[in-house]
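Analysis of the macromolecular model
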Amino acid sequence: MSVTQMKRFFLFELSSKASSLGTVLLYTSLCIAQGTKEDYSRAEMIKQKMENNIFYAPKTFYWFENENKFWYLNTTPKGKEFILVDVASKSKKPAFDQQKLAARLASVSGKHVEPYNLPFTSVSFVENGKEIEFEAADKVWRADLVTYNCTPKGRANPAPLPRFGEGSDLSNTPVSSPDGKWNALIKNYNVYIQSAGNKTEEYQLSFDGSEGEYYSSNLQWAPDSKKLATNKVRPNKPHIIYLIESSPEDQLQPKLHSRNYLKPGDALPQRQPSLFIISSKKQASVDPSLINSQYNVTNPVWRKDSRAFTFEYNQRGSQIYKVLEVDAAAGKLKELVAEGTKTFINNRKKYRYDADDGNEIIWASERDGWNHLYLYDGNTGKVKNQITKGDWVVRNVVKVDEINRTIIFEANGREAGQDPYLIQLYKINFDGTGLQPLTTENANHLTTFSPDYSWFIDSYSRIDLPPVMVVRSAVDGKVIMELEKTDTKELLASGWKTPEVFNTKGRDGTTDIWGIIVRPSTFSPAKKYPVIEYIYAGPHNSFVPKSFISDPAGGDYRPWTELHELAELGFIVVQIDGMGTSNRSKAFHDVSWKNLKDGGFPDRIKWINAAAQKYPYIDTSRVGIFGNSAGGQNSVAAMLFHPDYYKVAVSSSGCHDNRMDKIGWNEQWMGYPVGPQYAESSNVTHAHKLKGQLLLILGEMDENVPPESTLQLVNALVKANKKFDFLLVPGMGHSLGGDYGEHKRRDFFVTHLLGVQPPEWDGQTRLATRTDK
């Protein structure tokens, strides 16, 4: 990054000596503190070591359609190799001759091609593996894997962008009936049908639609073409927010951007399921009394025999969720599933499968304190039996086999003596009998099933155990063949330290809290190390990585490899899942209810103290913390609610007041209506409590958490006359700060936790490209 580019970033330091308007200092100098250049260089190199010194660890597997074959890309010491596996014959071999393909591609392109570094940006096998189609040099090619002839197919085109309004409730596109006799459409906000053979034969089915309350164009025909269903929609008022792009690339003057962004408490659309009988050209009345105060009502879905349609209703506040059925004969509304709680229903755990055309329903619920599967009678709405049970969590349903009445599913926490977050695979009967583990190794199991679900590839690992890849039978989990065993010898020889999985009791003295400890490659137990916690305590998931290197930990905002980079500067870096996060018991999760300020901090502090008791080189008098998005909120909350423990924090793209953020995520955890609990958890409300050192990082074009969330915190800190640092990055979206922000974050921790005056920036050092979200 050049000096000119660096000057496009602005760092504002607001001093406690500032006036009520604050003193804004613009830093254009590159003389920013950091550790030694050797430390910095080693921090940059550690990620390359992790990327380039791990072999035989394929991440993705691709099954051929209707065949027991698959292929994958394998990183080996000589490069990237394409491997083809035939499960039936238990054979594994090169998918094709890469040297021949490289030579032929070089001859037609006029450029040198490395056989084990083929310049593919995408690749797929076609013609049952006899040919491959790939993108290279902005062209699409097809290669015959017998002759190796390479034929250009044209230029690569980006995927088309969706058209504006596509998929919305307002469209006049006709929808054909299954028998082809009728077209349904919306005209003047009402439902019409037209004869497919004579457009002048038209019938108006509804008469009360208007601009303020219209019928949705998501029209759903019954399979027998005799009924039609949709929703009548009363729209809400948009909530328009604005972003100012100060330094656009294509013009000198700033740009103003706007979009609709609903926040907690805003009005929501209200939907009324509507049924139309084609023979009588009449509308059947549907009782709306069971679906008041909606957060959402889904579009109608017809039964295959056309007897009824179903929809799902989520009451605002996330405490009631129902599956309802509308009888097609008279429009009578009936509850099939009714879920309720005093705290929140986690919509991300919702699972429903209608078996035998809805005569049975498989449903996921946390009603007994753990996420489990239940079998419902789809006609009476009564539970036939609980399918899974115990002090463990169903994470995902992989396959429902209606013929054999079995379910394959992923779960965690069932196996004694294992990290309770590790995913294992199981099979069980509809009636709850015959529970059978399909995987058993003490590891996190990531699986890829064959198209017919006869086999699956199991890649299992832990953060401290390199991956092993095998093929198993989906019948009993028996290993059919071994694929790969990851080689990390060169990585370990480089000095890289394997993270440690650590657990201890939480705030209640009985619940285990799990996390990881990352040490620098130069680690010495004779030294004292400050500790930095990376935090993301969003209730929607758990976030400590469980697989070796390649696992993104369920949508976390930071690849865990980067924790090693930070550790190289002389820190112990930790990541912890405290109470209030997901994938444990309902009681564990409910800690976050109307209480996001908790952040699991009582558990986190106990965890760090327990680690320091075991390892005296961890210095708990020097604890830092950083996070992004919800983690940005958490990192500031640590300084406001636990200032005597956390001394330094870096917060990026933070949601500092949940009233300023998106409606769905925040109302689910903080509740509705918007009450005093929002202010109680607001960093803005408690800004006057700040102690220690704080750096805030914000992208002016943040499309996820509106920038005003951080700016209102800045305003509150200025009014409270608090000293802090603030980095605003022009043009940046939702991010940890990019290369520049990462450099500032490292400097900030080195300065305030290590007490070291880092060397000046030389204008040439550039951090490895960040992949912030």
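What counts, and where the lines are drawn
Residues numbered from 1 in each chain as written. Predicted model: local features only at pLDDT ≥ 70, side-chain atom pairs only at ≥ 80, totals over all residues. Heavy atoms only, no water. Pairing = 2+ DSSP bridges. Helix = DSSP H or I, 4+ residues; strand = E, 2+ residues; numbered from the N terminus. Axes fitted to C-alpha atoms, helices over the stretch in contact; angles between N-to-C directions. Core = buried A, V, L, I, M, F, W, Y, C linked by side-chain atoms within 4.5 Å. Buried < 20%, exposed > 50% of the residue type's maximum accessible area, 1.4 Å probe, protein only. Salt bridge = Lys/Arg side-chain N within 4 Å of Asp/Glu carboxyl O. Phe/Tyr/Trp six-rings, centres within 6.5 Å; stacked < 30°, edge-to-face > 60°. Expected span 1.5 Å × (residues − 1). Contact = heavy atoms within 4.5 Å. Patch = residues over 30% accessible without salt bridge, like charges linked within 9 Å, V, L, I, M, F, W, Y side chains within 5 Å. Areas by Shrake-Rupley, 256 points an atom, 1.4 Å probe, with all protein chains shown as cover. pLDDT = per-residue confidence, 0-100.

Side note on the sheet that holds strand β4 (residues 79-86)
Strand pairing in a sheet relies on backbone hydrogen bonds. The paired strands run either parallel or antiparallel. Spatially, the four strands line up as an open sheet ordered β2-β3-β4-β5, and their pairing is antiparallel. Edge positions in the open sheet fall to β2 (61-63) and β5 (91-94), since each of these has one partner strand only. Within the sheet, the average angular offset between the axes of one strand and its neighbour, ignoring direction, is 25°. With eight bridges connecting them, strand β3 (residues 69-76) and β4 associate as antiparallel partners. In the sheet register, T75 faces β4, and the bridge partner there is K80.

What to know about the nonpolar core
Membership of the largest hydrophobic core comes to 48 residues, with the highest contact counts inside it found for I572, W607, I608, Y646, L696 and F724. The biggest single contributor to this core is helix α7 (residues 601-614), with seven residues. Counting residues in hydrophobic clusters, the runner-up holds 38 residues, among them V518, A630, L727 and F748.

Observations regarding the environment of P238
By secondary structure assignment, the location of P238 is in the loop between β16 (227-234) and β17 (240-245). The class for P238 is partly exposed, based on a relative accessible area of 47%. Separated by 456 residues in the primary sequence, P238 and L694 place their C-alpha atoms 35 Å from one another.

Overview of the pattern of salt bridges
Here the structure, examined in full by the defined rule, presents 48 salt bridges. When the shortest N-O distance is used, the salt bridge between E708 and K263 registers 3.2 Å. Of this pair, E708 sits in helix α11 (residues 708-719) while K263 sits in the loop between β18 (255-260) and β19 (270-277), placing them 445 residues apart in sequence. Owing to a relative accessible area of 6%, K263 belongs among the buried residues under this scheme. For E360, the salt bridge goes to R405, with nearest N and O atoms at 2.9 Å. One end of the pair, E360, is in strand β27 (residues 360-365); the other, R405, is in the loop between β30 (393-401) and β31 (406-412), with 45 residues separating them in the sequence. The exposure class assigned to E360 is buried, which follows from its relative accessible area of 8%. Salt bridges linked by common partners bring R303, E312, E325, K334, K350, R352 and D354 together as one network.

Looking at the environment of V531
Positionally, V531 belongs in strand β40 (residues 529-534). Distance from V531 to V574, taken between C-alpha atoms, is 7.3 Å for residues 43 residues apart in sequence.

With respect to the packing of aromatic side chains
One pass over the full model with this rule turns up 37 aromatic pairs. A ring pair is formed by F120 and F134, whose centres lie 4.2 Å apart and whose planes are at 25°; its orientation type is stacked. In this pair, F120 is assigned in the loop between α3 (98-109) and β6 (122-126) and F134 in strand β7 (residues 131-136), connecting sequence segments 14 residues apart. Using a relative accessible area of 16% as the deciding quantity, one classes F120 as buried. Plain terms: the ring middles of Y321 and W363 are 6.1 Å apart, the flat faces sit at 40° to each other, and that makes the pair tilted. Here Y321, found in strand β24 (residues 320-327), pairs with W363, found in strand β27; they are 42 residues apart in sequence, far enough to count as distant. The pair formed by Y321 and W363 is uniform in burial state, with each residue classed as buried. Taken together, the ring pairs connect Y62, F64, W71, F82, F96, F120, F125 and F134 into an aromatic cluster.

Quick look at α11
In this model α11 runs 16 Å from its N-terminal to its C-terminal C-alpha over 12 residues, within 8% of the 16 Å that 1.5 Å per residue would give. Residues of α11 that are buried include every one of S709, T710, L713, V714, A716, L717 and V718, and no others. Phi for N721, located one or two positions after α11, is positive at around 60°.

Section: the pairing of β19
The buried count for β19 comes to eight of eight residues, which makes it a mostly enclosed element. Because side chains alternate across β19, one face comprises the buried residues Q270, Q272, S274 and F276, and the other comprises R271, P273, L275 and I277, equally buried. Sheet topology note: the β16/β19 ladder contains eight bridges and is antiparallel. If you follow K232 over to β19, its bridge partner there is Q272. Connecting the antiparallel pair β19 and strand β20 (residues 282-284) is a turn made up of four residues, with K281 showing a positive phi of about 60°.

Quick notes on the pairing of β27
In terms of burial, β27 is largely enclosed, as six of its six residues are buried. Side chains E360, I362 and A364 project from β27 onto one buried face, and the interleaved I361, W363 and S365 project onto a second face that is buried too. Here four bridges tie strand β26 (residues 352-355) to β27, and the two strands are oriented antiparallel to one another. From the neighbouring strand, Y353 faces β27, where its bridge partner is I362. Count of turn residues in the β26/β27 antiparallel hairpin: four residues, of which D356 carries a positive phi of about 50°. Pairing of β27 with strand β28 (residues 372-377), which is carried by six bridges, proceeds in the antiparallel orientation. Across the sheet, residue W363 finds its bridge partner in β28, namely Y374.

Some words on the side chain of N583
By secondary structure assignment, the location of N583 is in the loop between β41 (572-577) and α6 (586-590). When near neighbours in sequence (up to four residues on either side) are disregarded, N583 contacts K349, V393, R395, N412, Y421, N541 and S542.

Digging into unusual backbone geometry
The amide bond that connects Y672 to the next residue, P673, takes the cis arrangement and shows omega of 5°. Structurally, P673 is set in the loop between α9 (663-670) and α10 (676-680). Its identity as a non-glycine residue notwithstanding, Y453 has a phi of 60°, on the positive side. Of note, the phi angle at N721 is positive, near 60°, even though the residue is not glycine. The residue N721 is located in the loop between α11 and β45 (724-729) in this model.

Quick word on the sheet that holds strand β11 (residues 182-187)
On the basis of which strands lie adjacent, the open sheet formed by four strands has the order β10-β11-β12-β13 and antiparallel pairing. Every other strand in the sheet has two partners, leaving β10 (175-176) and β13 (202-204) as the edge strands with one partner each. Pairing of β11 with strand β12 (residues 190-195), which is carried by six bridges, proceeds in the antiparallel orientation. For I186, the partnering residue across the bridge sits in β12 and is V191.

A short note on a nonpolar patch on the surface
A cluster of nonpolar side chains, contributed by I240, Y242, I244 and L256, occupies part of the molecular surface with about 430 Å² of accessible area. Mapped onto the fold, Y242 is located in strand β17.

Looking at the confidence of the model for the chain
It should be kept in mind that the predicted coordinates are not to be read in detail where pLDDT is low. Across the chain, the average pLDDT comes to 91, with 91% of residues at or above 70. Note that residues 765-773 has pLDDT below 50 and, in this model, 31 contacts with residues that lie over four places away or in other chains.

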